[in-house]
Amino acid sequence: MLLHIVARGRIGRSPEAELVERYLKRVGWPTRVTELPDIGGKMPAVEPATRIVMLDETGENLPSRTLAERLGRWRDDGIRETRFLIGAADGFDDAQRGDAHMLLSFGKATWPHMMARAMLAEQLWRASSILANHPYHREG
């Protein structure tokens, strides 16, 4: 299953970009990052068997293991792509939220979208390591 991050804003060469790259290299599944301008730009076409996950302050605040289990279930059910959307500074509106299969939050704090991208990349690595029984993730 392809893990595809579609994010508003350019990350450029930055410490956050290095973190994103470092974590996505470790993920055992195919990954892709698509950057769009803050306003406008063409969203890549959504193919059948795609799950849309929006990072949104109103979303579920899931433990890492639960996120891993959900991704594993989607993979096992034949989902070909899980697309993670990171919005611009103003996030998503209600109509956009309604199109998502899942809203995901990283807590009640407000995070800059570049940090959210790095945090998402780490969680994708963590999820794939949990599903592979790799010792990276420790609970407790």
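Everything discussed here concerns the structure shown above.
Presented here is a report on the structure given in the accompanying data block. (Residues numbered from 1 in each chain as written. Predicted model: local features only at pLDDT ≥ 70, side-chain atom pairs only at ≥ 80, totals over all residues. Heavy atoms only, no water.)

Describing the pattern of salt bridges
Per the stated rule, a full pass over the model turns up nine salt bridges. Between Glu 35 and Arg 10 there is a salt bridge, with the nearest N and O atoms lying 3.8 Å from each other. Here the residue Glu 35 occupies a position in strand β2 (residues 31-36), and Arg 10 occupies one in the loop between β1 (2-8) and α1 (15-26), the gap between them amounting to 25 residues. On the basis of relative accessibility, which here comes to 53%, the residue Arg 10 falls in the exposed class. (Salt bridge = Lys/Arg side-chain N within 4 Å of Asp/Glu carboxyl O. Helix = DSSP H or I, 4+ residues; strand = E, 2+ residues; numbered from the N terminus. Buried < 20%, exposed > 50% of the residue type's maximum accessible area, 1.4 Å probe, protein only.)

A closer look at the packing of α1 against helix α4 (residues 113-131)
Contact geometry for α1 and α4: axes closest at 8 Å, N-to-C directions at 15 degrees. Comparing the axis directions of α1 and α4 gives the class roughly parallel. In the packing of α1 onto α4, the handedness of the crossing is left-handed. Listed contacts from α4 to Glu 16, Leu 19, Val 20, Tyr 23, Leu 24 and Arg 26 of α1 are Met 114, Met 115, Arg 117, Ala 118, Ala 121, Glu 122, Leu 124 and Trp 125. (Axes fitted to C-alpha atoms, helices over the stretch in contact; angles between N-to-C directions. Parallel < 35°, antiparallel > 145°, perpendicular 65-115°, else oblique. Left-handed = near helix turned anticlockwise from the far one by under 90°. Contact = heavy atoms within 4.5 Å.)

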